[in-house]
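# Summary of structural features
Chain by chain, the residues run as shown.
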Amino acid sequence: MRTSTPSRRPRPGKDHPDLSFIVSAGDQVNKTGKPKEEEFAGYLNADALKFLPVATTIGNHDSLTADYKAHFNTPNQTGNGETKAGGDYYYSYGNALFIVLNTNNYNVAEHEKSIEQAVKSDPKAAWRIVCIHQDIYGSGKDHSETDGMILRTQLTPIIDKYDIDVVLQGHDHTYSRSKLLQGDAQAHNSYEFQLNAAGDDYDWDNAFNTTTQTKVALYPKDNDKNGQAALAAFKADNHCYTIDEVQGNTVVNPEGTLYMTSNSASGSKYYELNPIQQDYIAQRSQNWLPSYSVIEITKNRFVIDTYEITEAGVTEKIDDTFTIEKK
């Protein structure tokens, strides 16, 4: 992340020597609901973290213990969106307001309170950026059409309401860049995940429809006609967006929101892409190589470039530069 705020802190790395800080979209560790000190040690051992601050997001693997709190300081905690790991927080840096939501808590009314509080703290911020773990608009095979989009019907209208420019996401361990999206202004059901019977993880096999108080099996058997019909209705209900008609990779004063999903920067865990690229996705990639994005923010421009590191250690771009301009 680069912003227009100067800093005298030394920067590691020859490719991007002027970085200001790192944004992590969650799952700093991989164990769920278990002691994981060795994983935190591995994460924090990275050379870059000796010089660069990191703004972390609570992922589903971080969510169910208090270990996360012992390793990361988060400013301006709102007291909303809490799980055992913590809750929502926000911060301003340069020309941007960053709002970090713990979407492992499915109470979207609380997340809206956090967004409202953050916006009031910096109403003149040129850019509003939300960071969440679950990729409500992603393109990975494992999550994007099941648990990844679980909060889409509820979060999309709030993202629109507060004029959020960009949403940074994780969860699917693939790279994707969305088209510019808005809600469809229609009524939809709301959904969440509940804990399993043991209480040590989420019940990833079933979405819970909080409107009808019923479960939706996300992986019904082929001969389960009722289950297949319920899953189809769940996916149809989550087609709750519209796509802005824009051309090229530089857009000016857009109305919609850009959703970016990051792949694994460490190369520790990858998933496959969804067999069919969704209509809301502009670009995606899975080359089974570590990748990361560099964002540059000024008062009038948001610029994002995404790179991978080849097996030979060469840094290569995997997507065209995408720019949002405000005039």
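Structure: see above.
Structure report, in brief.

## Some words on the sheet that holds strand β7 (residues 166-169)
Taken together, the 7 strands give an open sheet; going across it, the order is β4-β5-β6-β7-β15-β8-β16, and neighbouring strands pair in mixed fashion. What marks the edges here is a single partner per strand, and that holds for β4 (89-93) and β16 (281-285). Shown here is a sheet whose adjacent strand axes are inclined to one another by a mean of 15°, direction ignored. The sheet contact formed by strand β6 (residues 127-131) and β7 spans 3 bridges and is parallel.

## Quick notes on the sheet that holds strand β10 (residues 191-192)
In space, the 3 strands of this open sheet follow the order β10-β11-β12, with antiparallel pairing throughout. At either end of the open sheet lies a strand with only one pairing partner, and these are β10 and β12 (214-217). As paired elements, strand β11 (residues 206-209) and β12 share 4 bridges and run antiparallel to each other. Note that in β12 the partner of Phe-208 across the bridge is Lys-215. With respect to the sheet, helix α4 (residues 225-237) is in contact with β10, β11 and β12, its orientation differing from that of β12 by roughly 95°.

## Observations concerning the pattern of salt bridges
For the coordinates displayed, the defined rule picks out 11 salt bridges. Of the charged contacts in the structure, one is a salt bridge between Lys-120 and Glu-116, with a shortest N-O distance of 3.6 Å. Separated by 4 residues within a single helix, Lys-120 and Glu-116 lie in helix α2 (residues 108-121), roughly one turn from each other. For Lys-120, a relative accessible area of 61% translates into the label exposed. What makes Glu-116 partly exposed here is its relative accessible area of 34%. With its nearest N and O atoms 3.7 Å apart, the salt bridge here joins Glu-272 to Lys-141. Separated by 131 residues along the polypeptide, Glu-272 in the loop between β15 (258-261) and β16 and Lys-141 in the loop between β6 and α3 (152-161) bring together distant segments of the chain.

Conventions adopted
- In every chain, residue numbers begin from 1 and rise along the written sequence.
- The predicted nature of this model means local features are confined to residues of pLDDT at least 70 and side-chain atom pairs, given and counted, to a pLDDT of 80 or more, with totals for whole chains, interfaces and linings taken over all residues.
- Side-chain numbers come from the whole structure's heavy atoms, not from hydrogens or water.
- Two strands form a pair only when DSSP identifies at least two bridges running between them.
- Helix and strand definitions here come from DSSP, where helices need a minimum of 4 consecutive H or I residues and strands a minimum of 2 consecutive E residues; each element is numbered from the N-terminal end.
- Axis lines are fitted through C-alpha atoms, for helices just across the contact stretch, and the angle between N-to-C directions can take any value from 0 to 180 degrees.
- Two residues qualify as a contact provided that any one of their heavy atoms is within 4.5 Å of a heavy atom in the partner residue.
- Think of a salt bridge as a Lys or Arg side-chain nitrogen and an Asp or Glu carboxyl oxygen that are within 4 Å of each other.
- With a 1.4 Å probe rolled over the protein chains alone, any residue whose accessible area is under 20% of its type maximum counts as buried; one over 50% counts as exposed, and the rest are partly exposed.

So yeah, pure geometry; function would need other evidence.
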